Amino acid sequence: TTRVAGELRPQEVSMIMWALAKLAESGMDVDATAVQAVSAETTRVAGKMEPQHVSNVLFALAKLAERGVDVDVTAVRAVSAETTRVAGELRPQEVSMIMWALAKLAESGMDVDATAVRTVSAETTRVAGEMEPQHVSNVLFALAKLAEKGVDVDVTAVRAVSAETTRVAGEMEPQHVSNVLFALAKLAEKGVDVDVTAVRAVS
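No experiment lies behind these values; they were computed from the predicted model shown. (Residues numbered from 1 in each chain as written. Predicted model: local features only at pLDDT ≥ 70, side-chain atom pairs only at ≥ 80, totals over all residues. Heavy atoms only, no water.)

A. Fine view of the environment of Ser96. Looking at where Ser96 falls in the secondary structure, it is placed in helix H6 (residues 92–107). C-alpha separation for the pair Ser96 and Val127, spaced 31 residues apart in sequence, amounts to 10.0 Å. Aside from chain neighbours lying at most four places away, what touches Ser96 is Gln134, His135, Asn138 and Val139. Side chain to side chain, Ser96 and Asn138 meet in a polar contact 3.2 Å long. (Helix = DSSP H or I, 4+ residues; strand = E, 2+ residues; numbered from the N terminus. Contact = heavy atoms within 4.5 Å. Polar contact = N/O pair within 3.5 Å; in protein donor to acceptor, adjacent residues only side chain to side chain.)

B. Highlighting the packing of helix H2 (residues 32–45) against helix H4 (residues 73–81). Axis separation between H2 and H4 bottoms out at 8 Å; the angle between their running directions is 35°. As for the relative orientation of H2 and H4, their crossing is left-handed in sense. Contacts between H2 and H4 pair Ser39, Thr42 and Thr43 from the former with Thr74, Ala75, Ala78 and Val79 from the latter. Taken together, the residues of the contact of H2 with H4 break down into three nonpolar, four polar and no charged. (Axes fitted to C-alpha atoms, helices over the stretch in contact; angles between N-to-C directions. Left-handed = near helix turned anticlockwise from the far one by under 90°. Nonpolar A, V, L, I, M, F, W, Y, C, P; charged D, E, K, R; others polar.)

C. View of the nonpolar core. Formed by 68 residues in total, the largest nonpolar core has its most connected members in Val13, Leu64, Val112 and Leu146. The element contributing the most residues to this core is H6, with ten residues. Other than its neighbours up to four places away in sequence, Leu146 contacts Met99, Leu102, Ala103, Ala106, Val112, Val117, Val151 and Val153. (Core = buried A, V, L, I, M, F, W, Y, C linked by side-chain atoms within 4.5 Å. Buried < 20%, exposed > 50% of the residue type's maximum accessible area, 1.4 Å probe, protein only.)

D. Seen up close, the packing of aromatic side chains. Under the criterion given, the structure shown has two aromatic pairs. A ring pair is formed by Phe59 and Trp100, whose centres lie 5.4 Å apart and whose planes are at 40°; its orientation type is tilted. With a gap of 41 residues between them, Phe59 in helix H3 (residues 51–66) and Trp100 in helix H6 connect regions that are remote in the sequence. Phe59 gets classed as buried once you look at its relative accessible area, which sits at 12%. (Phe/Tyr/Trp six-rings, centres within 6.5 Å; stacked < 30°, edge-to-face > 60°.)

Structure representation (structure tokens):
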């Protein structure tokens, strides 16, 4: 990867970053030089990234940071900045992945792009009705984690996603249920009005 990094296209950068993150997640030691080399190329290709590339790269950077791998702050900034360009095309899974990634990056001590948080949060109202249980769980968890880190969260986004819990509650796995209850409790703790129906649906 180090040798060919300068020739990588957006899709290839996205795929390699996602693969490195998945390898790290499975407990494998990933090559830090490869991570740095491919991360460095994100600034070059970010402006040509499609929504899926943006979500994959942010998800990968967050996963790597979670696993203790040093991630390139410039790469995080470059890709986060592209969320405003691709926001209107994001699908539920991509919204979920980006929100989760931004929350995890904030949790790892990184300053996240507040505009990216606002922009992607605003898209939740558009896609909430198509969200699967994992998406609902991830987005609520992300909003709660961001609120916990002092980031202003979009109350409309909280309401829109919370409203979908009654629709997906029956399909939720234990992890989803615990994430949603944790999120609603944390948001309530931060002074956000939470949906009582959502709490009942997953309790």
